[in-house]
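# Tertiary structure, described
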Amino acid sequence: MDYLDLPRNRQMNKIKNIGVLTSGGDSPGMNAAIRAVVRGSIYYDIEVTGFLRGYEGLINNDFIPMDRKSVANIIQRGGTILKTARSEAFRTVEGRQKAYENLKANGIDALVVIGGDGTFTGANVFSKEFDFPIVGLPGTIDNDLVGTDFTIGYDSAINTVVDAVDRIRDTAESHDRLFIVEVMGRDSGLIALRSGIGVGAEAIMIPEANMNADDILHKLEHSRKDKSSKIIIVAEGDDTGGAFKVGEILQEKYPHYDTKVSVLGHIQRGGKPTCMDRVLASRLGVVAVEGLIQGESGVMVGQINREIVFTPFDHAIKHINAEKVSSKWLKLIDILSF
């Protein structure tokens, strides 16, 4: 599916007002997605209401009417102008009931939710509970959703990591140091995987690869002896216990190495989105609106092989695509670090 030849006349569209919110962890490109939802809705003569701080905004009836001006000059900004939060109240039947009542009271006919698996879990329950139309946009730096090749924010995050590690490499070369760099990825190693390849890391530790400290020790034993600096990228969810634990093990085994640990942390969430994320967010945001007009609900809109697809929330949530971390990727790492 791609852009549709839909009627622009409001009288021909059953949906008169679309609500939009961002939920869970922020990711670069969320503002571009908000902008696309607002502009797409206005194009089809549909009003837009922005709810603040995710599902908390639905429960607390905290919203702002949105127009062209409210999304001007935000496509290049990181974060989210609608703010974001995790809502414990939305996990309860009472909280969701309050949210539904507020939506109906404000004349909201459908929702676009921007976030990751937690956001879609809540949207899935709510959509089924109240038969309310919801379409999701994959806004998460982890790239851990099925139904899209890339999530909004992933490209920006890995480019932030590459930029940071390139700088670390400079000082590693200057001091002949071994750096253990921890990147985000509690349940998924996809940030570590691509950024590690991009920076020429000597080793990459991700949950999906079942690599432990002994494997790293083996790599160091058989690595080039003439290379003065070494970089190891560790996903925060790696089974070994993170970068500091890996650093302790390596320092004990190889005391002659000048070993340092660097945790990149939340810098991966911030900053300007890349062009790829801006374009992806813009495309998916408009199609989310068109999907709602067409009667889609309970689905995430994504892009696979450059084509727009809709994936049910049930399938998109916490089903990390094995192809994203295939044996071919792991072999590539071994070849390039040889």
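Residues numbered from 1 in each chain as written. Predicted model: local features only at pLDDT ≥ 70, side-chain atom pairs only at ≥ 80, totals over all residues. Heavy atoms only, no water.

Under the counting rule described, the total for this entry stands at eight salt bridges. For Asp62, the salt bridge identified is with Arg53, shortest N-O distance 3.8 Å. (Salt bridge = Lys/Arg side-chain N within 4 Å of Asp/Glu carboxyl O.)

Okay, the sheet that holds strand β7 (residues 203-205) next. Taken together, the four strands give an open sheet; going across it, the order is β7-β8-β6-β9, and neighbouring strands pair in parallel fashion. Bordering the open sheet on either side are β7 and β9 (258-263), each of which pairs with just one other strand. Averaged over all neighbouring strand pairs, the angle between strand axes comes to 20°, with direction disregarded. Taken together, the three bridges between β7 and strand β8 (residues 230-235) define a ladder with parallel strand orientation. (Pairing = 2+ DSSP bridges. Helix = DSSP H or I, 4+ residues; strand = E, 2+ residues; numbered from the N terminus. Axes fitted to C-alpha atoms, helices over the stretch in contact; angles between N-to-C directions.)

Right, let's talk about the packing of aromatic side chains for a bit. Tallying each qualifying case throughout the model produces eleven aromatic pairs. With a centroid separation of 6.0 Å and an interplanar angle of 70°, the aromatic rings of Phe126 and Phe132 are classed as edge-to-face. Taking relative accessible area as the criterion, Phe126 reaches 0% and is therefore assigned buried. For Phe132, a relative accessible area of 3% translates into the label buried. Through a chain of ring-to-ring contacts, the aromatic side chains of Tyr55, Phe90, Tyr100, Phe126, Phe130 and Phe132 assemble into a single cluster. (Phe/Tyr/Trp six-rings, centres within 6.5 Å; stacked < 30°, edge-to-face > 60°. Buried < 20%, exposed > 50% of the residue type's maximum accessible area, 1.4 Å probe, protein only.)

In the UniProt entry, the feature "binding site: ATP" (unreviewed entry) is given for Gly25, Arg86, Ser87, Gly116, Asp117, Gly118 and Thr119. Across 95 residues, the annotated set stays spatially compact, with a maximum C-alpha separation of 13.7 Å. In the annotated set above, the residues contributing to the lining of the largest pocket are Gly25, Arg86, Ser87, Gly116, Asp117, Gly118 and Thr119. With respect to the helices and strands, Arg86 occurs in the loop between β3 (63-66) and α3 (93-105). Other than its neighbours up to four places away in sequence, Arg86 contacts Gly24 and Gly25. Looking at the secondary structure, you find Asp117 in helix α4 (residues 117-130). (UniProt positions renumbered as here; feature names shortened; annotations may be inferred. 1 Å grid on protein atoms, 1.4 Å probe; cavity = no way out; pocket = protein on both sides within 12 Å on 5 of 7 lines; lining within 4 Å. Contact = heavy atoms within 4.5 Å.)

A word on the layout of surface pockets. For the largest pocket, the calculated volume is near 740 Å³. Surrounding the largest pocket, 31 residues form its lining, Gly24, Arg86, Asp117, Gly118 and Thr119 being those nearest its centre. In terms of residue count, α4 provides more of the lining of the largest pocket than any other element does, six residues in total. Of the residues belonging to the lining of the largest pocket, the class tally is six nonpolar, 13 polar and twelve charged. Looking at the lining of the largest pocket, you find at least three residues from each of domain 1 (17-153 + 273-316) and domain 2 (156-269). (Points joined across faces, edges and corners; volume = space filled by probe spheres on them. Nonpolar A, V, L, I, M, F, W, Y, C, P; charged D, E, K, R; others polar. Domains from an automatic or database assignment.)

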